[in-house]
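# Structural overview
Next come the chains, spelled out residue by residue.
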Amino acid sequence: MSLNNSSTVFLDSVPSHASRFQVNVISESHESSVAADGNTDPPHYEETSFGDETQNRLRISFRPGNQERYDNFLHNGETAKTDASFHAYDSNTNTYYLQTFGHNTVDAVPKIEYYRNTGSVSGPKVNRPSLLDIHEQLAKDVAVAPGSASRVANGDGVPGEEQTENKEEENQSGAVKFGWVKGVLVRCMLNIWGVMLFIRLSWIVGEAGIGLGVLIILLSTMVTSITGLSTSAIATNGFVRGGGAYYLISRSLGPEFGGSIGLIFAFANAVAVAMYVVGFAETVVDLLKESDSMMVDPTNDIRIIGSITVVILLGISVAGMEWEAKAQVILLIILLIAIANFFIGTVIPSNNEKRSRGFFNYQASIFAENFGPSFTKGEGFFSVFAIFFPAATGILAGANISGDLEDPQDAIPRGTMLAIFITTVAYIAVAICVGACVVRDATGSMNDTIISGINCNGSAACGLGYDFSRCRREPCQYGLMNNFQVMSMVSGFGPLITAGIFSATLSSALASLVSAPKVFQALCKDNIYKALQFFAKGYGKNNEPLRGYLLTFVIAMAFILIAELNTIAPIISNFFLASYALINFSCFHASYAKSPGWRPAYGVYNMWVSLFGAILCCAVMFVINWWAAVITYVIEFFLYIYVTYKKP
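These numbers were taken from a predicted model, which means no experiment stands behind them.

Quick notes on the rules
- Residues numbered from 1 in each chain as written.
- Predicted model: local features only at pLDDT ≥ 70, side-chain atom pairs only at ≥ 80, totals over all residues.
- Heavy atoms only, no water.
- Helix = DSSP H or I, 4+ residues; strand = E, 2+ residues; numbered from the N terminus.
- Buried < 20%, exposed > 50% of the residue type's maximum accessible area, 1.4 Å probe, protein only.
- Contact = heavy atoms within 4.5 Å.
- Areas by Shrake-Rupley, 256 points an atom, 1.4 Å probe, with all protein chains shown as cover.
- pLDDT = per-residue confidence, 0-100.
- Expected span 1.5 Å × (residues − 1).
- Arc of directions from axis to C-beta.
- 1 Å grid on protein atoms, 1.4 Å probe; cavity = no way out; pocket = protein on both sides within 12 Å on 5 of 7 lines; lining within 4 Å.
- Points joined across faces, edges and corners; volume = space filled by probe spheres on them.
- Nonpolar A, V, L, I, M, F, W, Y, C, P; charged D, E, K, R; others polar.
- Disulfide = S-S within 2.5 Å.

## Re the overall build of the protein
A count of helical and extended segments in the protein gives 22 helices and five strands. Put simply, the protein has 648 residues, and 49% of those count as buried. Sequence separation of 24 or more characterises 76% of the internal contacts of the protein that already satisfy a separation of 6 or more. Total accessible area computed for the protein in this model is approximately 29300 Å², and 60% of it derives from carbon and sulfur atoms.

So, in C-alpha cells, the structure goes:
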C-alpha cells in the first residue's frame, strides 16, 4: 500500500506478498518539487513491514537520507519500543506526519463481526477495541509477540492488553466461570425471593390490601425492569470485567459518578446481608416461642442467632465461588418446593384450628374485604412500599459477579430480565392467594365461633361463623396484620415453608455477602480512594476479596444488632434506589450525548425510558423518606467532588 500525495512521488518497487503490510511515507507539499531540484538528498521514505519473511518481526527500513532522526526507534529482536518523544517526522516540515496523538496508526478493513447484534444468527459478535486500548498497549512498551502484529493489522487480533492477559490467566489457572442460568438467573431469583416473600408479603397485603399490594409489587417491578433494561444495554456495549454495577457506571459516566455510587452500592449490599439474616433469625425465634425454648428474650435471641448465622455464611463465602454456587442451586430447589407447597395448601380444606387463626380457603367475601387498604397507625402506601422494595433489589446479583461469568454480555440481559419476570409473577400470585384466603385479624381461639341467631358484625369472618370483633379492642396474634408466619399456616406442610424461609433468607444473604466484596474490590483496584487500596488484593485462582469479606462481615454484624427488620429495610431501599437512578441516568446520558463508543447490542432499550426510570427512582426516594434521600445525595455529591478534585 502506498500513499501518493504529490506530483513528485517515488514509489518503491517492492515485490507484493499476500501476508505483507507496508506503509510508504512520502513528501506531500508543493515545495518538494523545488527541493528535489536543488537538493541532492532524495525524499525520505519509511517502510513498516509485517511479513513472513521477517518471521513476523516488526521491521523498519530506511531510504537514503538522514537516518539519525530514527535513532530513537529501538530494535531488540522480537521487541519494538517507541520513545514518547519520538516523532517519525517533524510536523513543521514538508513531510507527511504518520502519527495520531503520538502513536502510529494502523487502519484495518471494517469487519461485519464488529457490527452484529448479540443475538444474530449470522455469526458471533466481536468486540471492537477502543483507541484507548490500542494506545495503552503501545505506550506501555509491550513486546509484540510473533504473529500478533499481522493479526492486529488485519483486524483479527485483540489489541487490548488486559483482555489478553485476563483470558490467558483464566485458561491457565482454571478459574470457575458460570453460564447465564447458574451465574445470573439462579442468583437473581434467589436474591429477589428473599425474606419478604414468606414473612412480610402477607403483612403488606393486610396493610395495603390486595389492590394496592399488587400496585406496590408492580411499581417495584417497574423500577427494577427499567434498571434491568439499562443494565443490559450497558452490558452489551462492550467488554464487561469484574465489578458489576460499579464497572458499568464508572465506564459509562466516569470515575466521579462510578466511585461515589459504587461505594454506596457496596455498602447497601453489606447492609442487605444484615436484613436477610435478621429475617432468618426472626423465623427461628418464632419457632423457639412455640416450643418455649427462648434463650433470653426475642430481641437478644435475634442478635445471638443472627451473629452465629453470619459467621457460618462468611465461612461458605471464603471457601470460594464454586462452593457458593453449589449451595445456591440446592437452596433454589428447596425454595421452589416451598412455594409450590403454599399454593397446594390454599386448596386443602381448612380445619378448626386454622379457621380460628383466620384461614378459610378461597372465599369471595374475604377477597372483597381485603381488596381495599387498612393502614394501621403510622403506616401508609409509601412506608409499606419502602419495606417491600428490598424484595425486588436482587436484580443485580448476577451482574455483581460479572468477572465470574463466561459471557457477561449474553448472560446478564437474558438471566436478569427472565428472573424479574418469573419472580414478579410469583409475588403477585402469592399476594392474591393469601389475600383471598386469610382475614386481617383473628384471635386463634376456637371458642370464638358464632351461635346461630346472634347478630353478625358484618365482617367476612363473621359470615363464615367466627367472631373476631374483640381484635378491634385489643391486639390479636393471628391474621394478615399480626402473624408474620401466615404462609406457614396456610401451606400443606408447615415445615416445608420454614425450610423455604431458611432457603430464601440464607441464599439472599449469601448472594449479598458475595456481591458487596466483589464490587468493593473492583472499586479499590481502580485506586479511586487511596485509603481503600488495602482491600484491592485478591487471593486464590478466582481472586477472592478476603479482606472485603471481613469488612462486609463487620458492617453486617453492626446492623444485625438493630434486630428490627422494618427498621433496616427502608435504609436499604434508599441506597438501592440511588444506585438504580444512576445506572438509568448513565444509560440515558450516553445515548443523549451520542457518544461514538455507545453502541449497545441490546435491542429492547430506549433512552427516554431510562431517563424516566432515573426520575422515578429519585422521586420515590424523596417520597419514602426525604431526609434520608437528602443525606444520600449529599454523600454522593461529597464523594463526587472528592474524586473530581483528586483526579486519581
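What follows picks up the thread again.
## A look at the confidence of the model for the protein
For the protein, per-residue confidence averages 74 on the pLDDT scale, and 69% of positions sit at 70 or higher. Low pLDDT, under 50, characterises residues 1-100; the predicted model gives this stretch 153 contacts beyond four residues in sequence or across chains. Here residues 141-173 scores under 50 on pLDDT; set against residues more than four positions off or in separate chains, the count is 43 contacts.

## Remarks on helix 19 (residues 546-560)
Taking 1.5 Å of rise per residue, the 15 residues of helix 19 would be expected to cover 21 Å, and the 21 Å separating its terminal C-alpha atoms lies within 8% of that figure. Considered for burial, the residues of helix 19 that qualify are Gly548, Tyr549, Thr552, Phe553, Ala556, Phe559 and Ile560. Here the buried residues of helix 19 occupy an arc of 140° about the axis, which is enough to place them on one side. Those residues of helix 19 that are exposed and aimed more than 90 degrees away from the buried face are Leu550 and Val554. On its buried face, helix 19 is in contact with helix 9 (255-290), helix 10 (298-318), helix 18 (494-525) and helix 20 (565-592).

## Focus on the environment of Phe381
For Phe381, the position within the fold is in helix 14 (residues 381-388). Separated by 169 residues in the primary sequence, Phe381 and Leu212 place their C-alpha atoms 7.8 Å from one another. Apart from residues no more than four positions distant in its own chain, Phe381 is found in contact with Leu212, Leu215, Ile216, Leu219 and Phe375.

## Notes on empty space enclosed by the protein
Counted under the stated rule, the structure contains five cavities of 30 Å³ or more. Taken together, Ile192, Ile217, Thr221, Thr224, Phe388, Ala391, Ala392, Ile395, Ile420, Thr423, Thr424 and Tyr427 make up the full set of residues lining the largest cavity. Of all elements in the fold, only helix 7 (201-235) and helix 15 (408-437) reach the threshold of two or more residues within the lining of the largest cavity. Residue contributions to the lining of the largest cavity peak at four residues, all from helix 15. Taken together, the residues of the lining of the largest cavity break down into eight nonpolar, four polar and no charged. The space that makes up the second largest cavity amounts to roughly 60 Å³. Forming the walls of the second largest cavity are Asn191, Phe265, Asn269, Ala272, Tyr276, Thr393, Gly394, Leu396, Ala397, Asn400, Ser512 and Phe576. Taken together, the residues that form the lining of the second largest cavity break down as six nonpolar, six polar and no charged.

## Comments concerning unusual backbone geometry
Excluding glycine, residues mostly have negative phi values, and the peptide bonds linking residues are mostly trans. Located in the positive-phi region is Asn527, a residue other than glycine, with phi close to 55°. Here Asn527 lies in the loop between helix 18 and helix 19. A positive phi is found at Ala563, a non-glycine position, where the angle reads about 60°. Within the secondary structure, Ala563 sits in the loop between helix 19 and helix 20. Look at Ala563 and you get buried, because its relative accessible area is 6%.

## Here we look at the state of the cysteines
Think of a disulfide as a covalent bridge from one cysteine sulfur atom to another cysteine sulfur atom. Considering all chains together, one arrives at one disulfide under this definition. At a sulfur-sulfur separation of 1.9 Å, the disulfide partner of Cys471 is Cys476. Residues Cys471 and Cys476 are joined by a disulfide whose S-S torsion is about -105°; by sign, that bridge is left-handed. As far as burial versus exposure is concerned, Cys471 and Cys476 are alike and both buried. Cys437 takes part in no disulfide bond, and the closest cysteine sulfur, belonging to Cys433, lies 6.4 Å away. Here Cys437 falls in the buried class, since its relative accessible area comes to 0%.

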